[in-house]
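Fold and geometry: a report
Read off the chains here:
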Amino acid sequence: MEIKANPEPFKIKMVEPIKKISRKEREEALKRGGYNLFALKSEEVYIDLLTDSGTGAMSDNQWSGLMLGDESYAGSKSFYHLWETSREIFGHNYFVPTHQGRGAEQVLFPLLIKKPGQYVLSNMHFDTTKAHVELAKGKPVDLVIEEALDTDTYHPFKGNFDLEKLESFILDKGSNSIAFIIITITCNSSGGQPVSMQNIRQVSEIANKYGIRVFLDAARYAENAYFIKQREKEYFEKSIEEIVKEMFSYADGFTMSAKKDAIVNIGGLIGIKEDEALFNQVKAALVPLEGFPTYGGLAGRDMEVMARGLKEGIQFDYLDYRIKQVKYLGDRLKEGGVPIQYPTGGHAVFVDAKKMLPHIPYYQFPAQALANALYLESGVRGVEVGSLMMGRDPQTGEQLESPFEFLRLAIPRRVYTYTHLDYVAEGLLAVKNISNSLKGLEFTYEPEILRHFTGRLKPVE
Ligand SMILES: *Cc1c(COP(=O)(O)O)cnc(C)c1O
């Protein structure tokens, strides 16, 4: 008989106790936090699926690397270890570390956006990516395929660019009005959905035709490579390493949050394939914002564990376990009648709150109502990815309608077991039974930029 169970490819050497507070305490915490789960104390959360960013468990190999970190201000040995590892994995020539992904964005984007009002084209911008494009006076445009918007129907690569829309946008606006193209792999905002190799290649061909540069927003590049190996016929026999190299070969450079697939608690990276002039500009801009180019806002030990984490994050057995664990939660929810973005993506299950709470309009943030209900019911913390996160039109001030209203349940790497996920599924199924009674939300305090992090809300009467 074939063994089907898919156990963790590690054993647990150190544990961190977790505890569930009472329902009454959760009610009070929610009220005190302005119905914004970012305002909770972590001790008020039982199972924390707010994000997979910086929340992974490091390996014994990484922990031992901490002790070997070289804290020299300039020329740190750990920096060179990170550099050599990055070169080997990504095949680009130049790298600088940054304190995290948004640090990379803040340094690189103003160098690429030459005139106010230039467009930046993406499959879908991540929230800080969008914010840094706007801070640099660029205009972010999302051009993901239509199939991504249909959460019920299977498509192997729901992160793909709509190539027709991409080319007609370029023709319509003129290539001079476009600062650069950024491909988010995997596409976080459409549900951690992968982009196919063919699509990456075709985007780069279109970009080359019009003289536009292509960058990767590469936070979950390893998960994207895994999906290519599983779903794209030409790559079934290729190794993750080969697939990663090919993906990056189509880009002029990349920004990366190392807090995802590099399995570190803090860190980021900018890579530049071969443009030495751009690399020099990056180094000059880096110093006042992040730090000297051989530390970029990180301690030497952080660079050492990032170098080790990059290697661990592309191991096939680890990726296979990880993606299957996410799928397991998705399958349990789907079987229980909870609508999700299907198929499940790499790092999270995205629950379709638009379908689950059709009585709450987008401007009353259905996915936030769902996130709050799940917390109240079970102590599980997820996050809204929808109109609350999307915010207002910077020109008109109007509330934008997000194409999705998702409750994202992000799975930290190597942290929770299958039993934790069973608990999460049961919590959400309990919420499903009371979904008709849930109420929308409105702001009592609304910050202008990235309001979903610090804003305060109250239930609509
Ligand atoms: C997390 C993330 C970022 C930003 O990185 P931080 O490390 O959180 O600053 C950018 N893009 C994507 C796709 C991300 O997931």
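This is a predicted model, so every value here is computed, not measured. (Residues numbered from 1 in each chain as written. Predicted model: local features only at pLDDT ≥ 70, side-chain atom pairs only at ≥ 80, totals over all residues. Heavy atoms only, no water.)

**Remarks on the overall build of the chain**
Of regular secondary structure, the chain possesses 17 helices and 14 strands. Relative to its length of 461 residues, the chain is compact, with a C-alpha radius of gyration of 21 Å against a globular reference of 23 Å. C-alpha atoms of the chain, sized along the principal axes, occupy 60 × 55 × 50 Å. In the chain, which comprises 461 residues, the share counted as buried stands at 58%. For the chain, the accessible area works out to roughly 19,500 Å², and carbon and sulfur atoms hold 52% of it. Computed over 55 positive and 62 negative side-chain charges, the inter-centroid distance for the chain is 3 Å. (Helix = DSSP H or I, 4+ residues; strand = E, 2+ residues; numbered from the N terminus. Rg over C-alpha atoms; globule rule 2.2 N^0.38 Å. Buried < 20%, exposed > 50% of the residue type's maximum accessible area, 1.4 Å probe, protein only. Areas by Shrake-Rupley, 256 points an atom, 1.4 Å probe, with all protein chains shown as cover. Lys, Arg positive; Asp, Glu negative; His and termini not counted. Charge placed at Lys NZ, Arg CZ, Asp CG, Glu CD.)

**A few points about a nonpolar patch on the surface**
A cluster of nonpolar side chains, namely Tyr73, Val287 and Phe292, defines an oily patch on the protein surface of about 290 Å² accessible area. Structurally, the position occupied by Val287 is in helix H10 (residues 276–289). Judged by relative accessible area, which is 42%, Val287 ranks as partly exposed. (Patch = residues over 30% accessible without salt bridge, like charges linked within 9 Å, V, L, I, M, F, W, Y side chains within 5 Å. Salt bridge = Lys/Arg side-chain N within 4 Å of Asp/Glu carboxyl O.)

**Section: helix H1 (residues 23–32)**
For H1, the full list of buried residues reads Arg26, Ala29 and Leu30. End-on view of H1: buried residues confined to an arc of 100°, all on one side of the axis. Turned more than 90 degrees off the buried face of H1, the exposed positions are Lys24 and Lys31. On its buried face, H1 is in contact with helix H14 (366–378). Just beyond H1, the residue with positive phi is Gly34, at close to 65°. (Arc of directions from axis to C-beta. Contact = heavy atoms within 4.5 Å.)

**Observations regarding the site of the ligand**
Of all residues adjacent to the ligand, which total 15 residues, the nearest are Gln100, Arg102, Asp217, Ser257 and Lys260. A distance of 2.6 Å is found between an oxygen atom of the ligand and a side-chain nitrogen or oxygen belonging to Ser257. Listed by contribution, the elements that provide at least two residues to the shell around the ligand are helix H4 (101–112) and helix H5 (127–135). Sorting elements by how many residues they give to the shell around the ligand places H4 first, with 3 residues. (Near = heavy atom within 4 Å. Polar contact = N/O pair within 3.5 Å; in protein donor to acceptor, adjacent residues only side chain to side chain.)

**Some words on the sheet that holds strand S5 (residues 178–184)**
Hydrogen bonding along the main chain pairs the strands of a sheet, whether they run parallel or antiparallel. An order of S2-S8-S7-S6-S5-S3-S4 is seen for the 7 strands of this open sheet, with the pairing classed as mixed. Pairing within the sheet leaves two strands with one partner each, and these edge strands are strand S2 (94–98) and strand S4 (139–142). Strand-to-strand twist in this sheet, taken as the mean axis angle between neighbours without regard to direction, amounts to 20°. The pairing of strand S6 (residues 214–217) with strand S7 (residues 253–257) spans 3 bridges and is parallel. (Pairing = 2+ DSSP bridges. Axes fitted to C-alpha atoms, helices over the stretch in contact; angles between N-to-C directions.)

**Focus: helix H8 (residues 221–231)**
Most of H8 sits out of view: 9 of its 11 residues are buried. For H8, the complete set of buried residues consists of Tyr221, Ala222, Glu223, Asn224, Ala225, Tyr226, Phe227, Ile228 and Lys229. As for H8, its buried residues are in contact with helix H3 (77–90), helix H7 (197–209), helix H9 (240–249), S7, helix H11 (300–313) and helix H12 (316–335).

**Remarks on the UniProt feature "modified residue: N6-(pyridoxal phosphate)lysine" (unreviewed entry) in the chain**
Taking the numbering used here, the UniProt-annotated feature "modified residue: N6-(pyridoxal phosphate)lysine" (unreviewed entry) corresponds to Lys260. Within the secondary structure, Lys260 is located in the loop between S7 and strand S8 (268–272). Ignoring anything within four residues of it in the chain, the contact list for Lys260 reads Asp52, Ser53, Ala219, Arg220 and Arg413. (UniProt positions renumbered as here; feature names shortened; annotations may be inferred.)

**What about the side chain of Thr186?**
Of note, Thr186 is situated in the loop between S5 and H7. By relative accessible area, Thr186 is classed as buried at 1%. Filtering out sequence-adjacent residues up to four positions away, Thr186 remains in contact with Gly192, Gln193, Pro194, Arg220, Glu223, Asn224, Phe227 and His347.

**A closer look at the UniProt feature "domain: Aromatic amino acid beta-eliminating lyase/threonine aldolase" (unreviewed entry) in the chain**
Following the UniProt record, the feature "domain: Aromatic amino acid beta-eliminating lyase/threonine aldolase" (unreviewed entry) maps to residues 48–426 here. This span, residues 48–426, is 44% helix and 13% strand, and a straight line between its end C-alpha atoms measures 15 Å.

**Considering the packing of aromatic side chains**
Working definition: an aromatic ring pair is given by the centre-to-centre distance plus the angle between the planes. This structure, assessed with the given rule, holds 27 aromatic pairs. When the ring of Tyr46 is compared with that of Tyr423, the centres are 5.1 Å apart and the planes differ by 85°; the resulting orientation is edge-to-face. With Tyr46 in the loop between H1 and strand S1 (47–48) and Tyr423 in helix H16 (residues 418–433), this residue pair connects regions lying 377 residues apart in the sequence. A ring pair is formed by Phe248 and Phe254, whose centres lie 5.0 Å apart and whose planes are at 85°; its orientation type is edge-to-face. (Phe/Tyr/Trp six-rings, centres within 6.5 Å; stacked < 30°, edge-to-face > 60°.)

**Thoughts on unusual backbone geometry**
Cis rather than trans, the peptide bond between Ile185 and Thr186 has omega equal to -20°. A cis amide bond links Tyr342 to the next residue, Pro343, at an omega of 0°. Relative to the assigned elements, Pro343 resides in the loop between H12 and strand S9 (348–352). A positive phi angle is found at Lys137, which is not glycine, with a value near 70°. You can see Lys137 is positioned in the loop between H5 and S4. Residue Phe365 is not a glycine yet carries a positive backbone phi of 55°. By the element assignment, Phe365 lies in the loop between helix H13 (353–356) and H14.

**Details of the environment of Ala219**
Of note, Ala219 is situated in the loop between S6 and H8. According to the relative accessible area criterion, Ala219 is buried, its value standing at 8%. Measuring from C-alpha to C-alpha, the distance between Ala219 and Glu71 comes to 25 Å, with 148 residues separating the pair along the chain. The contact partners of Ala219, leaving out residues within four places of it in the chain, are Ile185, Met256, Ser257, Lys260 and Asp261.

**Side note on the environment of Lys229**
Tracing the backbone through its elements, the reader meets Lys229 in helix H8. With 33 residues separating them in the primary sequence, Lys229 and Ser196 have C-alpha atoms 9.6 Å apart. Dropping the residues within four chain positions of it, Lys229 is found in contact with Tyr235, Phe236, Glu237, Lys238, Ile240, Ile243 and Phe316. A polar contact of 3.0 Å, which involves the side chain of Lys229, links it to the backbone oxygen of Phe236. At 2.9 Å, the side chain of Lys229 and the backbone oxygen of Lys238 are in polar contact.

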